[in-house]
Structure formats: structure tokens, C-alpha cells
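Chain residues, written in single-letter form:
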Amino acid sequence: AQTVTQSQPEMSVQEAETVTLSCTYDTSESDYYLFWYKQPPSRQMILVIRQEAYKQQNATENRFSVNFQKAAKSFSLKISDSQLGDAAMYFCAYRSPTHGSSNTGKLIFGQGTTLQVKP
Amino acid sequence: DTGVSQNPRHKITKRGQNVTFRCDPISEHNRLYWYRQTLGQGPEFLTYFQNEAQLEKSRLLSDRFSAERPKGSFSTLEIQRTEQGDSAMYLCASSLGYEQYFGPGTRLTVT
């Protein structure tokens, strides 16, 4: 079974600085998807960025980028020019591909990292 | 707003009562997922629908839990004989491809 581990329960960053959130995962599959979701306090989960395992190029979405190391099974999120609105809980998630009757595409989440942004 | 909606947003119930939650997915999405999230933890998968067919149920989904998705549209999650351990946020997500879009959740408190 696949597992996702986020070893940093809490992180803090100064506004306008850069922060990196760590995520490692375990799988025997070669094809899969990885995601970072943001969950602000009392608000809904928002997709931040996604990475397909077959792509070597790291995904980037504006100030958010990932460092995907497939061999090391590592998937970190870098937030550049941090803003007060980035304060939230961040979840790393794994998804198997859905070809094959046993794969439904459910997400397997890590425990989350709470990010505090200091003004 | 064409996102995923969930009702009610909050539910307080006494132990032993039955509760039902509703999820309305994004209209063209054929895949629908239910997750449970306890405070300070990541969501855990409960069950999955493809159109109206329930194709996977987690071991977390005891026989007190039942879910439906009639006609492949909205979905309901019912918990019978609620227990204090059922207190959590219940999240619904829908997808068409491999990205899942979440609703705001229903927070259940069992007293």
C-alpha cells in the first residue's frame, strides 16, 4: 500500500521569503500523480500544484514550484515570495492511475504541514 | 458558483442519532469521493462512486455508514447510530480527470 509522509508538522516563514515543505512517499508503482493541496483555516481544500510521475520536468505554478525526485520518492513544495495569504495547512497527496479495475483514483494524504507567515 | 457544494456545513447531533449529509459535485464530473478528516490530520478516503456505481469502500466505512449516488448526480452519506468517534469533517470531492476538487465539508459534532 502507498504511504505519504510529511515530517514537518509546522513551518514558519517571513513575508516575502522562500520556504520549502517536505514530502516523501512510498510506492511500488511507476506511474502515479502527486499533488499539493492548501487548506486555509475553516476553508476548503484548494489544489495548489500537480506532478505526473512520468514527467521529469518539475511543475511550476506562479510562486509555487516542486522538486520531484522520483528515485528518492521525494516531492517538496517551494513557495517563493511568501504572502500572508499563504498561511494554511498544506497536504501532500498521492494518486494511483485509474487504468485497471482496482484503482479508483483515491487520494492518499500526508499528515499535513501548518505554514505560518510572519509579517 | 459551479464548485462542489456540501450541506449542511455544520451538524451537531446526540449520540445514537442518525445523520445524513449531501454533496453536489461539479455537474459534468462522473467521479465522486468521500473523505473524513479529523482535527490536525490529513483526509482519509471513505468511498468512491463512478457515476451511480459505488466501486470502493474503505475499511473505515463501518456498517453504520451508507452512501448513495442516485442517477450519478448528487451523493448522500448517512451515519446511523452516531458515536462520539464519528465527530470529524466529512469532505466530498469530484473529478473528471485526475484532479479532485473539494467541497467545503460538513463538520459533524456528536455530543
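Since this is a predicted model, take the numbers as computed values, not measurements. (Residues numbered from 1 in each chain as written. Chains lettered and ligands numbered in written order. Predicted model: local features only at pLDDT ≥ 70, side-chain atom pairs only at ≥ 80, totals over all residues. Heavy atoms only, no water.)

J.: I'd like a rundown of the state of the cysteines, residues and numbers included.
T.: Linking two cysteines covalently through their sulfur atoms gives a disulfide. For the coordinates displayed, the defined rule picks out two disulfides over all chains. The disulfide bridge from A:Cys23 ends at A:Cys92, spanning 2.0 Å between sulfur atoms. Residues A:Cys23 and A:Cys92 are joined through a disulfide that is left-handed, its torsion about the S-S bond being -65°. Of this pair, A:Cys23 sits in the loop between strand 3 (19-21) and strand 4 (24-26) while A:Cys92 sits in strand 10 (residues 88-95), placing them 69 residues apart in sequence. Comparing A:Cys23 with A:Cys92, the two get one shared label, buried. A disulfide bridge connects B:Cys23 with B:Cys92, and the sulfur atoms are separated by 1.8 Å. The disulfide joining B:Cys23 to B:Cys92 has a torsion of about -65° about its S-S bond and is therefore left-handed. On the criterion of sequence distance, the pair formed by B:Cys23 in strand 3 (residues 19-24) and B:Cys92 in strand 9 (residues 88-95) is long-range, its members being 69 residues apart. (Disulfide = S-S within 2.5 Å. Helix = DSSP H or I, 4+ residues; strand = E, 2+ residues; numbered from the N terminus. Buried < 20%, exposed > 50% of the residue type's maximum accessible area, 1.4 Å probe, protein only.)

J.: Tell me about the interface of chain B and chain A, residues and numbers included.
T.: Each side of the interface is counted separately: chain B has 19 residues, and chain A has 20 residues. Regarding the contact of chain B and chain A, the summed buried area is about 1,700 Å², with carbon and sulfur atoms giving 52% of it. The interface formed by chain B and chain A includes two salt bridges. The shortest N-O distance in the salt bridge between A:Lys106 and B:Glu56 comes to 2.6 Å. Seen at the junction of chain B and chain A, the total is twelve residue pairs in polar contact (both at pLDDT 80 or more). Of all the elements in the fold, those that place two or more residues in the side of chain B that touches chain A are strand 4 (31-37) and strand 5 (44-50) of chain B. At four residues, the largest contribution of residues to the side of chain B that touches chain A is made by strand 4 of chain B. Considered class by class, the residues forming the side of chain B that touches chain A number nine nonpolar, seven polar and three charged. (Contact = heavy atoms within 4.5 Å. Buried area = accessible area lost by both parts, 1.4 Å probe. Salt bridge = Lys/Arg side-chain N within 4 Å of Asp/Glu carboxyl O. Polar contact = N/O pair within 3.5 Å; in protein donor to acceptor, adjacent residues only side chain to side chain. Nonpolar A, V, L, I, M, F, W, Y, C, P; charged D, E, K, R; others polar.)

Structural measurements only, silent on function.
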